[in-house]
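Chain and residue survey
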Amino acid sequence: MFTGIITGVGRIVAIHSLGSSLDHGKRLTVEAPAGYLDDVGLGDSIALNGACMTVTVLDSAKNQFLIEISAESLAKTSGLVEPGPINLEKALRAHDRLGGHIVAGHVDGIGTVTHFAEVGESWELRILAPRELAKYLAYKGSVTVNGVSLTVNRVTDLADGKGCEISINLISHTVQNTALGHLRPQSQVNLEIDLIARYVERMLGVDRLPKNGKNS
């Protein structure tokens, strides 16, 4: 479990295939900031751009760790198949502050950046979210973008029913201390919806189910 508060910006420095077919995943070597891995052990969870991964090899002396990612996970995420900067967050501990919102580290879909520009002292980020996620995104609701807990400032549903565009305001601190500052129009981003929205949908769906196995 995570909070969406990025604790470090790392870098994917090497990518190795785990096999010769498309059914095989990748092994990633990630370089972390100095001292970041001091309290990390083998088998610990670290979110990479919002996707929960397991540390399989640890080299604290080089500030590096390795993770293995399946072909299925690669197909459902973005930003994990090329070298470059990446948002890092260690798993939440029981005594930690919940500074963002409850984040599972499970990517629900991939969005596309449509606009990213400085506005006054902050930045406006607009993202096109796929249709299957649109119903979970609400004004002043929470969304995780590449592992960062953010607040939705505006939702615009598309007329063609293909999804919605969300607008998010980023303060300079967020741009400077996460990998979001590297985004550009057409960049793809990992999206995770608010966990509470999942349960609300499930509760409403159960209420609509036939009772006693019969249609009402």
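Right above here is the structure, for reference.
Here's a quick rundown of the structure. Positions within a chain are numbered from 1, following the residues in the order the chain's sequence is written. Owing to the predicted nature of the model, reporting of local features is limited to residues with pLDDT of at least 70; listing and counting of side-chain atom pairs is limited to 80 or more, with chain, interface and lining totals taken over all residues. Water and hydrogen atoms play no part in the side-chain values, which are based on all heavy atoms of the structure.

Let us now look at the pattern of salt bridges. Think of a salt bridge as a Lys or Arg side-chain nitrogen and an Asp or Glu carboxyl oxygen that are within 4 Å of each other. By the definition in use, this model includes eight salt bridges. Among the charged side chains, a network of salt bridges with common partners joins Asp39, Lys90, Arg93 and Asp96.

Attention now goes to the nonpolar core. In this text, buried Ala, Val, Leu, Ile, Met, Phe, Trp, Tyr and Cys residues form a nonpolar core when linked through side-chain atoms within 4.5 Å. The cut-offs for exposure are 20% and 50% of the maximum accessible area for each residue type, with area from a 1.4 Å probe on protein chains only; residues under the lower value are buried, those over the upper are exposed, and the others partly exposed. Residues Leu125, Ile127, Val145, Ile166, Ile168 and Leu170 are the most contacted members of the largest nonpolar core, which totals 26 residues. At the level of elements, β7 (109-119), β8 (122-130), α2 (131-134), β9 (142-145), β10 (148-157), β11 (163-171) and β12 (188-193) are the ones that each hand at least two residues to this core. Helix and strand assignments follow DSSP, with helices taken as H or I runs no shorter than four residues and strands as E runs no shorter than two, numbered in order from the N terminus. Looking at this core, the element that brings in the most residues is β11, giving four residues. Setting aside residues no more than four positions away along its own chain, valine 145 makes contact with Ile127, Leu150, Ile168, Leu180, Val189, Asn190 and Leu191. Formed by 20 residues, the second largest nonpolar core is a distinct cluster that contains Ile12, Val30, Ile46 and Ile69. Contacts: residue pairs with any heavy atoms within 4.5 Å of one another.

Attention now goes to a nonpolar patch on the surface. Two distance rules govern patches: like charges are joined within 9 Å, and nonpolar side chains (Val, Leu, Ile, Met, Phe, Trp, Tyr) within 5 Å, applied only to residues with over 30% relative accessible area and no salt bridge. Working definition of accessibility: Shrake-Rupley area with a 1.4 Å probe, residue cover restricted to the visible protein chains. A contiguous nonpolar patch, built from Ile196, Tyr199, Val200, Met203 and Leu204 and spanning about 530 Å² of accessible area, is present on the exposed surface. Summarising the element assignment, isoleucine 196 is placed in helix α4 (residues 195-207).

Let's shift gears to unusual backbone geometry. If you check the backbone angles, asparagine 49 has positive phi at about 50 degrees while not being a glycine. Mapped onto the secondary structure, asparagine 49 falls in the loop between β3 (45-48) and β4 (51-59). The class for asparagine 49 is buried, based on a relative accessible area of 5%. Positive phi outside glycine occurs at asparagine 146, with the angle close to 50 degrees. Relative to the helices and strands, asparagine 146 is located in the loop between β9 and β10.

If you trace the backbone, leucine 158 turns up in the loop between β10 and β11. Judged by its relative accessible area of 29%, leucine 158 is partly exposed. As a C-alpha pair, leucine 158 and arginine 131 span 27 residues in sequence and 9.2 Å in three-dimensional space. Ignoring sequence-local partners within four residues, the contact set of leucine 158 consists of Leu128, Gly163 and Cys164.

For the rest of this paragraph, the subject is the packing of aromatic side chains. The description of an aromatic ring pair uses the distance of the two centres, along with the angle that the planes make with each other. Stacked, tilted and edge-to-face are the three classes applied to pairs of Phe, Tyr and Trp rings, where Trp contributes its six-membered ring and a pair requires centres within 6.5 Å; stacked means planes under 30 degrees apart, edge-to-face means over 60, and tilted covers the rest. Tallied over the full model, the rule gives one aromatic pair. Should the NZ of a Lys or the CZ of an Arg lie within 6 Å of a ring centre and within 35 degrees of the ring normal, that charge is described as sitting over the ring. In this structure, lysine 90 packs its charged tip against the face of tyrosine 36, placed 4.3 Å from the ring centre.

In spatial order, the strands read β1-β2-β5-β4-β3-β6; together these six strands close into a barrel with antiparallel pairing. Mean inter-strand twist for the sheet, computed between neighbouring axes without regard to direction, equals 45 degrees. Judged from the six bridges that link them, strand β1 (residues 8-17) and strand β2 (residues 26-31) form a sheet pairing that is antiparallel. The partner of serine 17 across the bridge, within β2, is lysine 26. By this definition, two strands are paired if DSSP reports at least two bridges between them. Orientation is described by axes fitted as lines to C-alpha atoms, over the contacting stretch for helices, and by angles from 0 to 180 degrees between their N-to-C directions.

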